[in-house]
Amino acid sequence: MSDRLSGISVFVTAVEAGSFALAASRLHLSRSAVGKTIARLEQRLGVRLFHRTTRSQSLTDDGALFYERCLRALEEIRGAETLLESGKRQVSGRLRVSMPVLFGRMCIAPLLTELTREHPGLELELSFNDRVVDLIEDGFDMAIRNGTLANSGGLVARRIGDHRMALCASPAYLQRCGEPHSIEQLAQHEAVTYMRAGARRSWLVLDSDGKPQEVMPTNRLQMDDLQAIADAATAGFGIAWLPCWLVREQLLSGALVRLLRDRPGAAFEAHAVWPHTPHLPLKVRLAVDTLVSKLPASLALVEKAL
């Protein structure tokens, strides 16, 4: 029976991955092992499940029918596992999470890795990448995303916290160019700005009514890495608009000076997202609950210290 279930799991993964090679990567098996498992399954069932060529694979009619029934069976098994796990509150298995590089490294990973102390059976696989991954295609259980969520059909989202931005510059730059005392004066200063997909991002600064005002500063340097922007600002190349959690140490040490303190930068929401499922695995629920309960306090401490 266990061999049969193993074969079904490999089959479903191969369908969802779109290739034996990608399925092998997700399952931590060799491509040959995946191919042999599918071949044994086809032999046992007496049908061909895939149309395969050197460049593509697709389900046969029998394969499509079998895949639909396998999904239902696996959902029932996962639901039963979730019920049992919920009773004992002990988490086991591998949790694959995608997250932005810097925010993930500095704010998310420390909270999630602590879970492994409480749950020895939990395995974490954390992927640090600033691109928006396809959770189902790439095989992730959940992802962390910052800012406004795009249309995410088939995904569930939960807000886990907010992080505020800060305008800052080095003492050397301010001594050379002066310190801006209004939003309007920012346009007269040099800036190190963030760019993504070839487009430069404007700054959002709250006006006296607390409404975000868009500022497009005079550009001197453009970079697509926040840490590089922080380093350039610290070296005196201009004003930067950066997350408080990223420049906390530089602000506390005086390497950077926070500007327009009465005009704080806008705050951005952070969300955990995961594929919609009738029975949310306990490992995902626990990870999300941990972030919801601990991340806001962690980010608030950073802002309070500044």
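Residues numbered from 1 in each chain as written. Predicted model: local features only at pLDDT ≥ 70, side-chain atom pairs only at ≥ 80, totals over all residues. Heavy atoms only, no water.

**Student:** Provide a residue-level description of the overall build of the chain, including the pertinent values.
**Tutor:** Within the chain, the secondary structure is distributed over 11 helices and 14 strands. Put simply, the chain has 306 residues, and 39% of those count as buried. Considering only contacts within the chain whose residues lie at least 6 apart along the sequence, 72% involve residues at least 24 apart. Summing over all exposed atoms, the chain offers an accessible surface of approximately 16300 Å²; the carbon and sulfur share of this is 50%. (Helix = DSSP H or I, 4+ residues; strand = E, 2+ residues; numbered from the N terminus. Buried < 20%, exposed > 50% of the residue type's maximum accessible area, 1.4 Å probe, protein only. Contact = heavy atoms within 4.5 Å. Areas by Shrake-Rupley, 256 points an atom, 1.4 Å probe, with all protein chains shown as cover.)

**Student:** Hey, could you go over the side chain of Gln57 for me, with residue numbers and the actual values?
**Tutor:** Positionally, Gln57 belongs in strand E2 (residues 57-59). Reaching out from Gln57, the side chain makes a polar contact with the backbone oxygen of Ala14 at a distance of 3.2 Å. (Polar contact = N/O pair within 3.5 Å; in protein donor to acceptor, adjacent residues only side chain to side chain.)

**Student:** Please provide a residue-by-residue account of the pattern of salt bridges, values included.
**Tutor:** Using the criterion set out here, one finds 9 salt bridges in the structure. With a closest N to O distance of 2.8 Å, Glu125 and Arg96 form a salt bridge. Of this pair, Glu125 sits in strand E4 (residues 122-128) while Arg96 sits in strand E3 (residues 93-99), placing them 29 residues apart in sequence. Among the residues examined, Arg96 registers a relative accessible area of 15% and is labelled buried. Note that Asp289 and Arg158 form a salt bridge whose closest N and O atoms lie 2.8 Å from each other. Of this pair, Asp289 sits in helix H11 (residues 282-305) while Arg158 sits in strand E6 (residues 155-169), and the two are 131 residues apart along the sequence. Since its relative accessible area comes to 31%, Asp289 is described here as partly exposed. Beyond isolated ion pairs, a larger network of salt bridges with shared partners links Arg94, Arg96, Glu123 and Glu125. (Salt bridge = Lys/Arg side-chain N within 4 Å of Asp/Glu carboxyl O.)

**Student:** Describe in detail the sheet that holds strand E11 (residues 218-223), supporting the description with residues and values.
**Tutor:** Pairing within the open sheet is mixed, and its 3 strands lie in the order E8-E7-E11. The open sheet has two free edges, formed respectively by strand E8 (199-200) and E11, since each of these has just one partner strand. Bridging between strand E7 (residues 190-196) and E11 involves 5 bridges; their strand directions are parallel. Opposite Val192, over in E11, you have Leu221 as the bridge partner. Of the strands in this sheet, E7 and E11 touch helix H9 (residues 226-234), which is tilted by about 175 degrees from E7. (Pairing = 2+ DSSP bridges. Axes fitted to C-alpha atoms, helices over the stretch in contact; angles between N-to-C directions.)

**Student:** Before we move on, can you summarise unusual backbone geometry with the specific residues and values?
**Tutor:** Leaving glycine out, the prevailing phi sign among residues is negative, and the prevailing peptide bond configuration is trans. One non-glycine residue, His28, lies in the positive phi region at around 60 degrees. Tracing the sequence through the fold places His28 in the loop between helix H2 (20-27) and helix H3 (31-45). Accessibility expressed as a relative area gives 48% for His28, which makes it partly exposed. Positive phi values are uncommon outside glycine, yet Leu260 reaches one of about 45 degrees.

**Student:** A description of H2 should follow, citing residues and the corresponding values.
**Tutor:** Every α-helical turn comprises 3.6 residues, leaving residues that sit three or four positions apart pointing alike. Considered for burial, the residues of H2 that qualify are Phe20, Ala23, Ala24 and Arg26. Projection of H2 onto a plane perpendicular to its axis shows the buried side chains occupying an angular sector of 165 degrees, all on one side. Trailing H2 by a residue or two, His28 shows a phi angle of about 60 degrees, which is positive. (Arc of directions from axis to C-beta.)

**Student:** Give a description of H3 that names residues and reports values.
**Tutor:** With 15 residues, H3 extends 21 Å between its outermost C-alpha atoms, agreeing within 8% with the 21 Å of an ideal straight helix rising 1.5 Å per residue. Turning to H3, its buried residues are Val34, Thr37, Ile38, Leu41 and Glu42. Here the buried residues of H3 occupy an arc of 135 degrees about the axis, which is enough to place them on one side. Facing away from the buried side of H3 by over 90 degrees, the exposed positions are Lys36, Arg40 and Gln43. (Expected span 1.5 Å × (residues − 1).)

**Student:** Explain the packing of H2 against H3 to me, using residue names and the numbers behind them.
**Tutor:** Describing two packed helices takes the angle between their axes plus the distance from one axis to the other. One can describe the packing of H2 onto H3 by two numbers: an axis separation of 8 Å at closest approach and a directional angle of 105 degrees. Classified by the angle their axes make, H2 and H3 are roughly perpendicular. Of H3, the residues touching H2 (which contributes Phe20, Ala21, Ala23 and Ala24) are Arg31, Val34, Gly35 and Ile38. Residues of the contact of H2 with H3, tallied by class, amount to 6 nonpolar, 1 polar and 1 charged. (Parallel < 35°, antiparallel > 145°, perpendicular 65-115°, else oblique. Nonpolar A, V, L, I, M, F, W, Y, C, P; charged D, E, K, R; others polar.)

**Student:** Go over the confidence of the model for the chain, please, and point to the residues and values.
**Tutor:** When pLDDT is averaged across the chain, the result is 84; 89% of the residues are at 70 or more. Within the chain, H9 carries the highest mean pLDDT (95), whereas helix H4 (residues 61-88) carries the lowest (72). (pLDDT = per-residue confidence, 0-100.)

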